[in-house]
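Residue strings, one per chain:
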Amino acid sequence: MANNEYTLPDFIADLDRITREEASPHVITEKVEPLLTRLIRNPEALPAEYRKLGPGGKRGRYMLHRAPRFNVTSVVWAPGDTAGAHNHDTWGVIGVIENRIEETRYRVAPERPEHARLEITRVMRHEPGAISRLVPGDEVHRMHNRTSRDTVEIHVYGKDLAGLERKTWSEDGAEKRLVSSKYLNC
Ligand SMILES: [Fe+2]
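Reference entry: report on the structure contained in this document. (Residues numbered from 1 in each chain as written. Predicted model: local features only at pLDDT ≥ 70, side-chain atom pairs only at ≥ 80, totals over all residues.)

On to the overall build of the chain. Within the chain, the secondary structure is distributed over two helices and 11 strands. Each helix and strand of the chain, placed in order from N terminus to C terminus, yields the pattern α-α-β-β-β-β-β-β-β-β-β-β-β. In summary, the chain has a C-alpha radius of gyration of 16 Å against a globular reference of 16 Å for 186 residues, a match within 12%. With respect to the principal axes defined by its C-alpha atoms, the chain has extents near 60 × 40 × 30 Å. Of the contacts made within the chain by residues no fewer than 6 positions apart, 72% connect residues no fewer than 24 positions apart. (Helix = DSSP H or I, 4+ residues; strand = E, 2+ residues; numbered from the N terminus. Rg over C-alpha atoms; globule rule 2.2 N^0.38 Å. Contact = placed C-beta atoms within 7 Å.)

This is the structure in structure tokens:
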């Protein structure tokens, strides 16, 4: 039986081609957005084992594909789970598969060493099928599952985030290093 659904291998092949042909984060994320939209519309795209919370009910994180110029993961946010304001140091495209997530974007103005002024630029409440693009200059965000159900997403990033030197900011603008030896894919 013919299956015309767009699958994860199709998506990975397209990501490989796009990241080979393009270098601009804006162009890459513009091209990836409609493809991730197609992928997350396919109910079979993500097997059940990658849609569940991690051990102890913690955030689920699963590597779906790791390549030199991009990687694809799934992230499962428990009810109330939140990731404070943080950067990624690369482009990203996030698609919501199940339930909803609140994303707050910030403009970061350094004030003094290890301290910045964070200005909220927008608050988005993403529904299933929604896509969020991260590009240099607009990639600092906070994520929060304010619902009583798990939220499932697919994330695509242009760098391997394991061991990457990143930053996180508290509400008052205090800056901390964010480096994880494990894959911290959000
Ligand atoms: Fe993030």
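Turning our attention to the pairing of strand β6 (residues 115-126). Within β6, only one of the 12 residues are buried, which leaves it mostly out in the open. Taking the residues between adjacent antiparallel strands as the criterion, strand β5 (residues 101-112) and β6 are bridged by two residues, where Glu114 takes a positive phi near 65°. (Buried ≥ 20, exposed ≤ 12 C-beta atoms within 10 Å, placed from the backbone. Pairing = 2+ DSSP bridges.)

One finds Val32, Leu36, Leu39, Ile40, Ile97, Ile154 and Val156 to be the most contacted residues of the largest nonpolar core, which totals 29 residues. For this core, the secondary-structure elements that each account for two or more residues are α1 (8-21), α2 (25-41), β2 (71-77), β4 (92-98) and β9 (151-157). In terms of residue count, α2 provides more of this core than any other element does, five residues in total. When neighbours within four sequence positions are excluded, Ile154 is seen to be in contact with Leu36, Leu39, Ile40, Leu46, Val72, Ser74, Gly95 and Ile97. (Core = buried A, V, L, I, M, F, W, Y, C linked by C-beta atoms within 7 Å.)

With respect to the element layout, Lys167 can be found in strand β10 (residues 166-169). For Lys167 and Ser74, which are 93 residues apart along the polypeptide, the C-alpha to C-alpha distance reads 22 Å. Filtering out sequence-adjacent residues up to four positions away, Lys167 remains in contact with His86, Asn87, Glu175, Arg177 and Leu178.

The next thing to look at is unusual backbone geometry. Of note in the backbone geometry, Asp89 takes a positive phi value of approximately 60° without being a glycine. Tracing the sequence through the fold places Asp89 in the loop between β3 (82-86) and β4. Exposure remark for Asp89: the 15 C-beta atoms within 10 Å place this residue in the partly exposed category. Look at Glu114: it is not a glycine, yet its phi comes out positive at around 65°. On the secondary structure map, Glu114 appears in the loop between β5 and β6. Residue class for Glu114 comes out partly exposed when judged on the 13 C-beta atoms lying within 10 Å of it.

Its place among the elements puts Leu35 in helix α2. Sequence separation of Leu35 and Leu8 is 27 residues, and the distance between their C-alpha atoms is 10 Å. Setting aside its immediate chain neighbours within four residues, Leu35 contacts Phe11 and Asp14.

A few words on α2. An ideal rise of 1.5 Å per residue puts 24 Å on 17 residues; α2 measures up with 24 Å between its terminal C-alpha atoms. Of all the bends in α2, the largest measures some 30° and sits at Glu33, one to four residues before the proline Pro34. Regarding α2, the residues found buried are Ile28, Thr29, Val32, Leu36, Leu39 and Ile40. For α2, the secondary structure elements touched by its buried residues are α1, β4, β7 (131-134) and β9. (Expected span 1.5 Å × (residues − 1). Bend = angle between axes of the 7 residues up to and from the residue.)

Attention now moves to the sheet that holds β4. Taken together, the five strands give an open sheet; going across it, the order is β1-β2-β9-β4-β7, and neighbouring strands pair in antiparallel fashion. The outermost strands of the open sheet, each flanked by one partner alone, are β1 (60-66) and β7. Between one strand and the next, the sheet's axes are offset by a mean angle of 20°, whatever the strand orientation. Relative to β2, β1 runs antiparallel, the two being bridged by six bridges. (Axes fitted to C-alpha atoms, helices over the stretch in contact; angles between N-to-C directions.)

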